[in-house]
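Chain and residue survey
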Amino acid sequence: ASQNKKLGIALVGLGGYSTHQLAPALQETKNCYLAGIVTGTPSKAETWKAKYNIPDKNIYNYQNFDQIAENKDIDIVYVVLPNAMHAEYTIRAAKAGKHVICEKPMATSVEDAQRMLEACRQNKVQLAIGYRLHYDPFHQRVMELGQKQVFGKVKSIRAHNGFTMGGPGSWRLDRERSGGGPLMDMGIYCVQGACYTLGKAPVAVTAKFGEVTRPELFSEVEQSISWRMEFEDGVIAECNSSYAEREDFLEGKAEKGWWRLGPSFGYEGKQGETSQGRMNYPNIFEQAWQMDGQAESFRNNNSSIVPGEMGLRDVRILMAIYESARSGGKRVP
Ligand code: NDP
């Protein structure tokens, strides 16, 4: 029976993603449910408590968060904070003996990502990253087309992901909290897309920052960045990410065919096409599938299909891309 117990999730950080995606998704999940919240904003605690029927004993703030260790209702802590805070809260959750789901990017430095993995190992808890697209049928098909060489060997990949930043004030523009600009936030989907198309990580990267046309917003982080990843056998992925332009696609060219997803990386409205015709898949509530999949693997004490090690791999790639953009040279992640 305990195999079928729904695991209790506590969301840490009740911002846009928790409010509009994760909490609604947790109303549909079968293997987990919204058991608790961690917030620095008392008014949100009141609203969420009423809306989702959360008992007072399952509501924490950033100061008393560590007491979650004693709370039997909470099995999983889901860290949905600004990027630079992921490491601290993942490590505190691990020390409290809770499994952790951490949002992307896992961390803002390789050292932080390594410390997070180490804390989870030492405390014998699982760590998964919020890479929802691994649970999406369009992206699963791309993995199959690329990795199983359905159209022969993959020759090249292109991926762009960006949106237009409204005004100032977002932590995303503040290096201290974001760790970087669109690359950290949106470009990571291009890195992921290329890696799961091939089932491999790149062996080298080169990168270039784009022009700054809105200096009032982009004084601390890049406005846009383009980069190239080289894989074994000479396969190249050309990528771009921007906070000044809406763009959203993932393409692959193979010896005997091609595919393209676009819109590709957002929550809804995905479309896909291959050299053989339109892809027909339902648009699913992927955050629900993701959390159900992760809860299921935690329940069986297995690592998830998007483990912390994958998060670390990607942080290494992101940091190599930034180093190359700063120095101009080729970098090995
Ligand atoms: P928001 O700015 O909307 O929310 C962040 C929340 O973090 C705040 O509302 C606040 O919640 C809490 N917080 C605590 N300390 C700070 C601080 N110093 N500055 C700002 N916020 C603070 O961000 P998002 O929800 O959009 O993003 C959160 C994380 O989720 C990021 O890592 C992002 O990359 C990731 N994300 C992932 C997506 C995906 O598709 N996988 C989509 C969107 C985001 P409170 O008031 O409760 O304390």
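Residues numbered from 1 in each chain as written. Predicted model: local features only at pLDDT ≥ 70, side-chain atom pairs only at ≥ 80, totals over all residues. Heavy atoms only, no water.

What about the overall build of the protein?
Scanning the protein for helices and strands turns up nine helices and 14 strands. Rg of the C-alpha trace for the protein: 20 Å, near the compact-globule value of 20 Å for 333 residues, within the 12% margin. Over its C-alpha atoms, taken along the principal directions, the protein stretches across nearly 55 × 45 × 35 Å. Looking at the 333 residues of the protein, the share that counts as buried comes to 57%. Summing over all exposed atoms, the protein offers an accessible surface of approximately 14,400 Å²; the carbon and sulfur share of this is 47%. (Helix = DSSP H or I, 4+ residues; strand = E, 2+ residues; numbered from the N terminus. Rg over C-alpha atoms; globule rule 2.2 N^0.38 Å. Buried < 20%, exposed > 50% of the residue type's maximum accessible area, 1.4 Å probe, protein only. Areas by Shrake-Rupley, 256 points an atom, 1.4 Å probe, with all protein chains shown as cover.)

Considerations on the site of the ligand
Neighbouring residues of the ligand: 26 residues in total, closest T39, T41, K44, Y62 and R132. One of the backbone N or O atoms of G40 is found 2.9 Å from an oxygen atom in the ligand. Taken by itself the ligand offers 900 Å² of open surface, and the protein chains cover 82% of this. Residue assignment for the shell around the ligand shows that the elements contributing at least two residues are α1 (16-25) and α7 (182-198). Residue composition of the shell around the ligand, by class: 10 nonpolar, nine polar and seven charged. (Near = heavy atom within 4 Å. Polar contact = N/O pair within 3.5 Å; in protein donor to acceptor, adjacent residues only side chain to side chain. Nonpolar A, V, L, I, M, F, W, Y, C, P; charged D, E, K, R; others polar.)

What about the nonpolar core?
Ranked by internal contacts, the top residues of the largest apolar core, which has 78 residues, are W227, M229 and I321. In contact with I321, not counting residues within four places along its chain, are L183, V191, V205, A207, I225 and W227. Core analysis: the second largest hydrophobic core is formed by 26 residues, L26, L34, I76 and Y78 among them. (Core = buried A, V, L, I, M, F, W, Y, C linked by side-chain atoms within 4.5 Å. Contact = heavy atoms within 4.5 Å.)

What about the sheet that holds strand β14 (residues 277-278)?
Read from one edge to the other, the open sheet built from eight strands follows the order β8-β9-β10-β7-β11-β12-β13-β14, with strand pairing classed as mixed. Both edges of this open sheet fall to β8 (204-209) and β14, since each of them pairs with a single strand only. Here β8 pairs with strand β9 (residues 224-230) via six bridges, running antiparallel. Bridged to V205 within β9 is M229. Across the sheet, α7 is in contact with β7 (154-164), β9, β10 (236-242), β11 (244-254) and β12 (257-261); its angle to β7 comes to roughly 160°. (Pairing = 2+ DSSP bridges. Axes fitted to C-alpha atoms, helices over the stretch in contact; angles between N-to-C directions.)

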